[in-house]
Amino acid sequence: MSKLAENIEKAKAYLKQFEGVVMNRIGGEDVPAADGSTFETISPVDLKTLATIARGKGEDIDRAAKAAKSAFPAWAAMPGEERKKILHKVADAIVARAEEIAFVECMDTGQSLKFMAKAALRGAENFRFFADRAPEARDGKAIRAPGQVNITSRGPIGPVGVITPWNTPFMLSTWKIAPALAAGCTIVHKPAEFSPLTARLLVEIAEDAGLPKGVWNLVNGMGEDAGRALTEHPLIKAIGFVGESRTGSMIMKQGADTLKRVHFELGGKNPCIVFADADLERAADAAVFMIYSLNGERCTSSSRLLVEETIYDKFTAMVAERAKRIKVGHPLDPETVVGPLVHPVHEKKVLEYIGIGQSEGATIAAGGAKFDGPGGGCYVSPTLFTGANNKMRIAQEEIFGPVLTAIPFKDEDEALALANDVQYGLTGYLWTSDVTRSFRFTEHLEAGMIWVNSENVRHLPTPFGGVKNSGIGRDGGDWSFDFYMETKNVAFATSAHHILKLGG
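Owing to the predicted nature of the structure, the values given are computational and were not obtained by experimental measurement.

Trainee: For this particular structure, what's the right way to read the sheet that holds strand β6 (residues 142-145)?
Mentor: In a beta sheet, neighbouring strands pair by backbone hydrogen bonds and run either parallel or antiparallel. Strand order in the open sheet formed by 3 strands is β6-β7-β23, with antiparallel pairing between adjacent strands. The sheet is open, and its two edges are formed by β6 and β23 (485-493), each paired on a single side. The mean angle between the axes of side-by-side strands here comes to 25°, regardless of whether they run parallel or antiparallel. Relative to β23, strand β7 (residues 148-156) runs antiparallel, the two sharing 9 bridges. If you follow Asn 150 over to β23, its bridge partner there is Ala 491.

Trainee: Please explain the sheet that holds strand β14 (residues 304-308) as it appears in this structure.
Mentor: Read across the open sheet, the 7 strands follow the order β15-β16-β17-β14-β13-β19-β20; overall the sheet is mixed. With one partner strand each, in any of the chains shown, β15 (363-366) and β20 (449-452) form the two edges of the open sheet. Sheet twist, expressed as the mean angle between neighbouring strand axes with direction ignored, is 25°. Looking at chain direction, β15 and strand β16 (residues 383-386) are connected through 3 bridges and run antiparallel. The residue bridging Thr 363 from the neighbouring strand is Thr 386, located in β16. Sitting on the sheet, helix α12 (residues 344-359) touches β15, β16 and β17 (403-409), and the angle it makes with β16 is about 20°.

Trainee: I'm lost on the pattern of salt bridges in this one. Help?
Mentor: Note on pairing: side chains with opposite charge can pair once their charged atoms come close. Under the defined criterion, the tally for this structure stands at 37 salt bridges. Two residues, Lys 190 and Glu 193, come together in a salt bridge whose shortest N-O distance is 3.5 Å. Look at Glu 193 and you get partly exposed, because its relative accessible area is 26%. Here Glu 414 makes a salt bridge to Lys 410, at a shortest N to O gap of 3.6 Å. A single network of salt bridges, built from pairs that share partners, joins Arg 25, Asp 30, Arg 200, Glu 204 and Glu 207.

Here is what the cut-offs are and how they apply
- Residues numbered from 1 in each chain as written.
- Predicted model: local features only at pLDDT ≥ 70, side-chain atom pairs only at ≥ 80, totals over all residues.
- Heavy atoms only, no water.
- Pairing = 2+ DSSP bridges.
- Helix = DSSP H or I, 4+ residues; strand = E, 2+ residues; numbered from the N terminus.
- Axes fitted to C-alpha atoms, helices over the stretch in contact; angles between N-to-C directions.
- Contact = heavy atoms within 4.5 Å.
- Salt bridge = Lys/Arg side-chain N within 4 Å of Asp/Glu carboxyl O.
- Buried < 20%, exposed > 50% of the residue type's maximum accessible area, 1.4 Å probe, protein only.

Pasting the structure below:
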C-alpha cells in the first residue's frame, strides 16, 4: 500500500467520528440547532459530503452567550497558575492528537499534509505560549507622580466572540482563543462554514483537558445569521475576527450599537520587493514559498512580486521554473505542496481572477488553469503573471490563491510607491544586501509586519497585525492581552496635598 493510500484509510477512520449530525457545543453539552437546521461541509478533494453540521442562528448564539456569561465569574476569578495548568494540558492533548487533527484538516480544507502536520503542533505552541503568561496577565505598572503613586492592573473584558477563517482554521483558532482563555475571558466561537470540523475537535480537547463547562462554546453557522447574531449580542464584549476586509467592515457596523471592541486580521496584497543586489536564489525560494505554500490561501502571502527591472526577466524566469515543478495533488500525499482550494465557490473566484489577468494584458509565465487532480476537486495550477503593472486588478485585489503577479520597478522610489499603492498593509518582504536601504525602505513601507531577507518566520512574542484595510489591533505577546483585558488605574495620595475648597 502506498503512503497516500495508507493516509486515505487513516483519514476515513478519523472522519467516522463525524457521522450523524455534528452538534454545537454550548455550556459543555452537545446541542442541535434550536430550529433543527443543518448544513453540509464537503471535501474539496472530491466534492463529497464530509459531515452534516448543526446550523446555529440567533437563538443558539443567545444561548451560547448566556452560557459564556454564566461561566465567566468563576473562570475570571481562577488564579492564573490554575489557568496555566489547564492550558498546558490542552497543549499536551493537541500534541497527542496531532495526526488526527492534521488529517481531518487536510480533508476539510484541501491544505496539504506537508503544512498541516506542523499547523497542529503550532496550535499547541500557541496554547503553551499564552499559558505561561496567564499568571502575569493582570500585572501592571507603578507610576509615580509628586505626592501620588498610581498602580495599574488588568482584568478580563468578559465573554468574547471569536470568528475564525477557513484557510488554516485549527491553528488560527488557537491563535485567538488561547490568549482569551489565558486572560480569563470566556468564549463563543463561530468557525467558518467551509471548514468547521477541527473546531469541534478543539473544543472537545479543551474540555477533556479540564476546561470548565461553558467557558468555551461552539456555534456553527453562516455569517449572515450566526455571525451577525454574535457581533450584535449585548453580552459579548468584544469580537476577534480573521477574514476578509469587507466582512470586517460589516462586523464593525453590526457591533457599533453595543460599542463592541474589535480586533481584525483582514486581507492583504503583500509585496515581495527584490533588488538586484539581493541573494536571488534565496529570494526566489522565499517568494515561491510565500505564495504557493498553503495553496496561496493565506493573508500573509507575497502575492505581488516587485522586481528591479535590470533583473526582472532573469528573476521571474527563476520563479516560473520553480512554480512549474511544484507538485499539485491529493492533500494527504506527503509529496503534495498545493492541494485543492477549499470550496468550488472559491475555486471559481480564483479562476476568474486568472481570466481577468489575461484580459488585462498580463502574461501567464506558469500555470494559469484548473489542474486535473485526484478526485476531480478544486485544483488550480500554481500561476505566475509577468508583464503586469500595479493598476491591474490582479495587482490590487486579494485573490487568495496560488497566483503571483510580478511587476518591474526602476529604482527604490518607484519600488516604495508601488509597494504602498494598494488598500492593504499587512506584510511586506524586502530582499537586499544594502543595510542602509533596508532601514530606509522599511521605515516608509506601509505594513504592520515586514521581513527583511526572510520569508514569514513568526516569533510568538512579536506583534502580528496590519495597517490600512488589513486590520485593527495586534496579536502576539502582551499585545493580545491589550485586546482581551481592561486596564484599571488606582491613584494613591502619598501626602496631604492642597485641595481647592469650594462653597465654604
